[in-house]
Amino acid sequence: MFFIIWSLINTRRSNSLKQTITDNATAALFIIDSNGNCTFMNPAAEEMTGYDFKEVQNRSLHKMVHHSRPDGSHYPAAECPLRNALHNRKLKQVYDEVFIRKDGSFFDVSCSVHPIEDGSRDAYAIIEVRDITEEKRAQQAIIESEARFRTMADNAPVMISILDIWKQSVYVNKQWLDFTGRTFEDSINFGWQQVIHPQDVAAFEEQYNQAQASEAGFRAEVRMRRYDGQYRWMVATCTPRFGADGDFLGYISSTIDITDIKEADRKVKQNAELLQKLFVEVPALVGLVRASDKQYLLANPLYRKLFGNRLLVGKTLREAHAELAYQGILEEIDQVFSTGTHYVGKEVPLIIDRHNDGKLTQSYFNMVIQPLMDAKGKPEAVLIFAVEVTELVKARTKLVSTNEELSLKNMELLRTNNDLDNFVYTASHDLKSPIANMEGLSNMLRDILEGKLESEDKQLLDMLAEAIDKLKRTITDLAEITKVQKGLHAKVEPLSFEQVLQDVMLDIDSLIKESNAKVEVDFQMKDLLYARKNLRSIIYNLMSNAIKYRKAEVTPEVRISTYLEDGYVVLQVQDNGLASKKARSTSCSICLSACTTMWRVRV
């Protein structure tokens, strides 16, 4: 273009050369004089503006193509930089302006103004104009594209950075800034090196260099420092960038936080290790069988030991346990596979080869066969969980046998006790008549020898009478004990000693009035859980005997009391009856409970 201008200056008188140059110029050329009037325009200018040169010649170029602003407002000529360029005296001035075509449409132009001075003529300027409408549109498209990219990048749920071929960041998005807590200025260039953990930088750069050497993408896991100073595990996926000509431009990197994923993976591995440990150490038989081919996938040590440590994994159930055929358990497993319903067996009898030597033994197991379902609800495997209870079954069988023996012994004891009770009852009744005879003979002897006996003889008769009395009371007590023992298993109920005593005293009311007996009551324990008829029988016998066997010359005094001793309720009856010549008191105590009666007699 400089050549064109130079040619115009030096060859103005050569119209032929001038016409040739200007007509073939691709840029629009205008020449204005010092008043801003157009003195020349080439065909490219005519095509650009829509005016013929004759329409513009010697007229103000500003008024023709530059009179209004893009918003339609008036553009004063005094403010026009093209017209004023003649007065600035600069060799070249470039302006971006908006021209107006003949049809009134606006278009963007780039104007280069070259003031020309000639000593013999007035100053003038050559204006080179390029239509930059498409450039402006392209620039606007680029701006809008960049804006869309930034909007997309800033709203993307990942950290994005763009790196050049020197590994310098030229752009980072909002998520990057929010995560690191750094400014954009601190993050570009080599700012990324400041946030990666020092222990991870070397390995990351080595991986980066290897990928860049082959212009390939790569993926790296590194620890990056968050805004709060905490290092988080991140995964960066770096994709290579290429220009329009295929030149490698660097990488675009997207980074996400995988700390929670890593922690979840760690917990999954930890749980898997725990399950593996549980599977190995659980004190039970555990096996896992695949549904597709019914082969063992897993068998814990106890499971393998049960079958003599034979090889199980990789074999089918029937290959591994030929001895289980026709015992029903393999059919139960098949049923679980086909129906998806679990099986629970208690004390399942199985004949197994424990030592893998062909010797079969009877064993018993509590087991659960549980199907494991896939996403479609179909069994993909079954878990066999069993506990051997062979010893328990044997012990229970032995216990049943022992119980049967004890039952037989108990029946023998019951028969013996019954015979003994019958003997006591019979003996007590059979002895009553001889004792009554002895008592009658003793009394008759005393009457016959009345007044003839020495003191020692009287003492002997008294001792004989006392012995006969004790014998009678013993026989009575034996009979009562038998009655009480027979009634031990009678129905028990809450009883009041006071009420039972009143009931008994009503029955022996005539005996009390006849003897003028005095009854003293001291019930420290007022209630008892006991069989009613048994307690009434005990109180009746004790009270009636205490009054019946009294001394003729002494008013009967009976004291009945209850108290707690060693966990038993003690019923005690004391009287001043025929205990001895010196009228010692007689005491009889009974320890009572709902299932036990213990007699304690103190004389």
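Asker: Could you clarify how one ought to interpret the overall build of the chain in this entry?
Answerer: A count of helical and extended segments in the chain gives 19 helices and 22 strands. A total of 603 residues make up the chain; the buried ones form 37% of that total. Long-range contacts, defined here as pairs at least 24 residues apart, represent 47% of the contacts in the chain between residues at least 6 apart.

Asker: When you look at the packing of helix α17 (residues 497–507) against helix α19 (residues 532–548) in this model, what are you seeing that I'm missing?
Answerer: A packed helix pair is summarised by two numbers, namely the angle formed by the two axes and the spacing between the axes. Two elements in contact, α17 and α19, have axes separated by 9 Å at closest approach and are oriented at 55°. On the basis of their axis angle, the class for α17 and α19 is oblique. Between α17 and α19 lies a crossing of right-handed hand. Between α17, through Phe497, Val500, Leu501, Asp503, Val504 and Asp507, and α19, the contact on the second element is made entirely by Leu535, Arg536, Ile539, Tyr540 and Met543.

Asker: Can you walk me through the sheet that holds strand β8 (residues 218–225) in this structure?
Answerer: Pairing between the strands of a sheet is mediated by backbone hydrogen bonds and can be parallel or antiparallel. Read from one edge of the open sheet, 5 strands run β7-β6-β10-β9-β8, paired in antiparallel fashion. The open sheet is flanked by β7 (169–172) and β8, the only strands paired with a single partner. Averaged over neighbouring strand pairs, the angle between their axes works out to 25° when direction is ignored. As defined by bridge partners, strand β9 (residues 231–242) adjoins strand β10 (residues 248–257) across 9 bridges and the pair is classed as antiparallel. When the sheet's bridge partners are listed, Val235 is paired in β10 with Ile256. Packed on one face of the sheet, helix α10 (residues 198–213) meets β6 (159–163), β8, β9 and β10 and runs near 155° to β8. Running over the sheet, helix α11 (residues 259–281) touches β8, β9 and β10 and is turned about 120° from β9.

Asker: Help me understand the side chain of Asp33 in this model?
Answerer: In this structure, Asp33 sits in strand β1 (residues 28–33). Looking at Asp33, its side chain comes within polar contact range of the main-chain nitrogen of Asn35, at 2.9 Å. Apart from the residues lying within four places of it in its own chain, the contact partners of Asp33 are Thr39, Leu86, Ala123 and Tyr124.

Asker: Teacher, can you tell me more about the sheet that holds strand β3 (residues 93–100) here?
Answerer: One open sheet holds the 5 strands; their spatial order is β2-β1-β5-β4-β3, and the pairing between them is antiparallel. Bordering the open sheet on either side are β2 (38–41) and β3, each of which pairs with just one other strand. Going across the sheet, the axis of each strand differs from the next one's by a mean of 30°, ignoring polarity. Pairing of β1 with β2, which is carried by 3 bridges, proceeds in the antiparallel orientation. Residue pairing for β2: Ile31 is matched across the bridge by Phe40.

Asker: How should I be thinking about the pattern of salt bridges in this particular structure?
Answerer: Side chains that differ in sign of charge can pair as their charged atoms come close. Inspection of every chain in the model, using the stated rule, returns 25 salt bridges. Of the charged contacts, one joins Lys102 and Glu55 as a salt bridge, the two residues approaching to 2.9 Å between their closest N and O atoms. Of this pair, Lys102 sits in the loop between β3 and β4 (106–116) while Glu55 sits in helix α4 (residues 53–56), placing them 47 residues apart in sequence. Arg101 serves as the salt-bridge partner of Asp131, at 3.6 Å between the closest nitrogen and oxygen. A residue pair is termed long-range when its members are at least 10 positions apart, and Asp131 in strand β5 (residues 124–131) and Arg101 in the loop between β3 and β4 qualify at 30 residues. One connected set of salt bridges, linked through shared partners, spans Arg219, Glu221 and Lys262.

Asker: When you look at the pairing of β5 in this model, what are you seeing that I'm missing?
Answerer: Within a regular strand, the side chains alternate between the two sheet faces. For β5, the tally of buried residues reaches 6 of 8 residues, placing the bulk of the element in the interior. Of the strand pairs in this sheet, β1 and β5 are connected by 6 bridges, and their pairing is antiparallel. Paired with Ala28 across the strands is Val129, a residue of β5. Alignment of β4 against β5, held across 8 bridges, turns out to be antiparallel. Bridged to His114 within β5 is Ile126.

Asker: Honestly, the pairing of β8 in this entry has me stumped. Any pointers?
Answerer: Residues Phe218, Ala220, Val222 and Met224 point to one face of β8 and are all buried, whereas Arg219, Glu221, Arg223 and Arg225, pointing to the other face, are not buried. Of the strand pairs in this sheet, β8 and β9 are connected by 8 bridges, and their pairing is antiparallel. From the neighbouring strand, Arg219 faces β9, where its bridge partner is Thr237. Linking β8 back to β9 in an antiparallel pair, the connection comprises 5 residues, with Gly229 at a positive phi of about 90°.

Asker: I tried to follow helix α14 (residues 329–339) on my own but got confused; where do I start?
Answerer: Because each turn of an α-helix spans 3.6 residues, side chains separated by three or four positions end up pointing in the same direction. Residues of α14 that are buried include every one of Ile329, Leu330, Ile333, Asp334, Val336 and Phe337, and no others. All buried residues of α14 lie within an arc of 155° about the axis, which places them on one face of the element. Structurally, α14 contributes buried residues whose contacts are with β11 (285–290), α13 (317–320), β13 (343–353), β14 (360–373) and β15 (379–388). In the stretch just after α14, Gly340 is the one whose phi turns positive, near 75°.

Asker: Got a minute to help me understand a nonpolar patch on the surface in this structure?
Answerer: Taken together, Val344, Val368, Phe385 and Val387 make up a surface patch of nonpolar side chains, about 300 Å² in accessible area. By the element assignment, Val387 lies in strand β15.

Asker: Any chance you could explain the environment of His355 here in plain terms?
Answerer: By the secondary structure assignment, His355 is in the loop between β13 and β14. A sequence separation of 49 residues divides His355 from Leu306, and the C-alpha atoms of the two residues are 7.8 Å apart.

Asker: Looking at this structure, I do not really get the environment of Pro301. What am I missing?
Answerer: Along the polypeptide, Pro301 turns up in helix α12 (residues 301–306). Along the sequence, Pro301 and Val280 sit 21 residues apart, while their C-alpha atoms lie 6.3 Å from each other.

Asker: Help me understand the packing of aromatic side chains, please; the structure alone is not making it clear to me.
Answerer: Within a pair of aromatic rings, the relevant descriptors are the distance that separates the centres and the angle that separates the planes. For the coordinates displayed, the defined rule picks out 13 aromatic pairs. Arranged with centres 5.6 Å apart and planes meeting at 65°, the rings of Trp192 and Phe204 form a pair that is edge-to-face. In this pair, Trp192 sits in the loop between α9 (184–187) and α10 while Phe204 sits in helix α10, placing the two residues 12 residues apart along the sequence. Here the two residues Trp192 and Phe204 agree in accessibility, since each one is buried. Centroid distance Phe204 to Tyr208: 6.1 Å. Interplanar angle 70°. Geometry classified as edge-to-face. Placement of the pair is Phe204 and Tyr208 together in helix α10, with a separation of 4 residues, close to one helical turn. Under the relative-accessibility criterion, Tyr208 is labelled buried at 1%. Positioned above the aromatic ring of Tyr208, the side-chain terminus of Lys167 is 5.7 Å from the ring centre. Seen from the ring of Trp233, Lys262 lies directly overhead, with NZ or CZ sitting 4.8 Å from the centre.

What counts as what
- Residues numbered from 1 in each chain as written.
- Predicted model: local features only at pLDDT ≥ 70, side-chain atom pairs only at ≥ 80, totals over all residues.
- Heavy atoms only, no water.
- Helix = DSSP H or I, 4+ residues; strand = E, 2+ residues; numbered from the N terminus.
- Buried < 20%, exposed > 50% of the residue type's maximum accessible area, 1.4 Å probe, protein only.
- Contact = heavy atoms within 4.5 Å.
- Axes fitted to C-alpha atoms, helices over the stretch in contact; angles between N-to-C directions.
- Parallel < 35°, antiparallel > 145°, perpendicular 65-115°, else oblique.
- Left-handed = near helix turned anticlockwise from the far one by under 90°.
- Pairing = 2+ DSSP bridges.
- Polar contact = N/O pair within 3.5 Å; in protein donor to acceptor, adjacent residues only side chain to side chain.
- Salt bridge = Lys/Arg side-chain N within 4 Å of Asp/Glu carboxyl O.
- Arc of directions from axis to C-beta.
- Patch = residues over 30% accessible without salt bridge, like charges linked within 9 Å, V, L, I, M, F, W, Y side chains within 5 Å.
- Areas by Shrake-Rupley, 256 points an atom, 1.4 Å probe, with all protein chains shown as cover.
- Phe/Tyr/Trp six-rings, centres within 6.5 Å; stacked < 30°, edge-to-face > 60°.
- Lys NZ or Arg CZ within 6 Å of the ring centre and 35° of its normal.

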